[in-house]
Amino acid sequence: MAVVLQRRIQAQLPAAHGHGIGALHAAPASAAPLFAHAFSQTFWVALVLTGVALAPALLLPMRPPPQRHESREREALAVES
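Presented here is an overview of the structure given in this document. (Residues numbered from 1 in each chain as written. Predicted model: local features only at pLDDT ≥ 70, side-chain atom pairs only at ≥ 80, totals over all residues. Heavy atoms only, no water.)

A closer look at the overall build of the protein
Piece 1. Within the protein, the secondary structure is distributed over four helices and zero strands.
Piece 2. Going from the N terminus to the C terminus, the protein shows its helices and strands as α-α-α-α.
Piece 3. Residues classed as buried in the protein amount to 12% of the 81 residues present.
Piece 4. Counted over contacts in the protein with a minimum sequence separation of 6, partners at least 24 positions apart contribute 49%.
Piece 5. Total accessible area on the protein is roughly 6700 Å²; 66% of this is exposed by carbon and sulfur atoms. (Helix = DSSP H or I, 4+ residues; strand = E, 2+ residues; numbered from the N terminus. Buried < 20%, exposed > 50% of the residue type's maximum accessible area, 1.4 Å probe, protein only. Contact = heavy atoms within 4.5 Å. Areas by Shrake-Rupley, 256 points an atom, 1.4 Å probe, with all protein chains shown as cover.)

Quick word on the nonpolar core
Piece 1. Core analysis: the largest hydrophobic core is formed by six residues, namely Leu5, Ile9, Leu13, Ala31, Phe35 and Ala38.
Piece 2. Contributing elements (two or more residues each) for this core: helix H1 (2-12) and helix H3 (32-58). (Core = buried A, V, L, I, M, F, W, Y, C linked by side-chain atoms within 4.5 Å.)

Focus on H3
Piece 1. Between its terminal C-alpha atoms H3 stretches 38 Å, which fits the 39 Å expected from 27 residues at 1.5 Å a residue.
Piece 2. Listed as buried for H3 are Phe35, Ala38 and Thr42. (Expected span 1.5 Å × (residues − 1).)

A few points about a nonpolar patch on the surface
Piece 1. Judged by side-chain polarity, Met1, Val45 and Leu49 come together as a nonpolar surface patch covering roughly 250 Å² of accessible area.
Piece 2. As for its position among the elements, methionine 1 is in the segment before H1. (Patch = residues over 30% accessible without salt bridge, like charges linked within 9 Å, V, L, I, M, F, W, Y side chains within 5 Å. Salt bridge = Lys/Arg side-chain N within 4 Å of Asp/Glu carboxyl O.)

Considerations on the packing of aromatic side chains
Piece 1. Across all of its chains, the model carries one aromatic pair by this definition.
Piece 2. On the basis of an interplanar angle of 70 degrees and a centroid distance of 5.2 Å, the ring pair of phenylalanine 43 and tryptophan 44 is categorised as edge-to-face.
Piece 3. Take tryptophan 44: its relative accessible area is 51%, and that puts it in the exposed class. (Phe/Tyr/Trp six-rings, centres within 6.5 Å; stacked < 30°, edge-to-face > 60°.)

Observations concerning the packing of H1 against H3
Two measures define how a pair of helices packs: the angle their axes make with one another and the distance between the axes.
Piece 1. For the pair H1 and H3, interaxial distance at closest approach is 9 Å and the crossing angle is 145 degrees. You can see that H1 and H3 cross each other, and the crossing is right-handed. Note on element contacts: H3 touches H1 through Leu34, Phe35, His37, Ala38, Phe39, Gln41, Thr42 and Val45, opposite Val4, Leu5, Arg8, Ile9 and Gln12.
Piece 2. For the contact of H1 with H3, a count of residues per class yields eight nonpolar, four polar and one charged. (Axes fitted to C-alpha atoms, helices over the stretch in contact; angles between N-to-C directions. Left-handed = near helix turned anticlockwise from the far one by under 90°. Nonpolar A, V, L, I, M, F, W, Y, C, P; charged D, E, K, R; others polar.)

Describing the environment of valine 3
Piece 1. In this structure, valine 3 sits in helix H1.
Piece 2. Taking the C-alpha atoms as reference points, valine 3 and threonine 42, 39 residues apart in sequence, are found 9.4 Å from one another.

Quick notes on the side chain of threonine 42
Piece 1. Note on placement: threonine 42 falls in helix H3.
Piece 2. Exposure remark for threonine 42: the relative accessible area of 10% places this residue in the buried category.
Piece 3. Discounting residues that sit within four places of it in the chain, threonine 42 has contacts with Met1, Val4, Leu5 and Arg8.

Encoded structure:
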């Protein structure tokens, strides 16, 4: 996410090239909307990545598989023999 934010800041403020988040301290107050836009784009990227990760997670089984009791299987085999 830091790379996305840094690239968005560089795209919005070419003068901030190579400074990333550090450019916040040296930027004039008039650059605040540009930084806000960069942060909002990063938020949406994070939200999409969360959705992409959540989709397969919801397909996982909710309960663990039922436990097989080996002792019952042994008893059943013993009775059949």
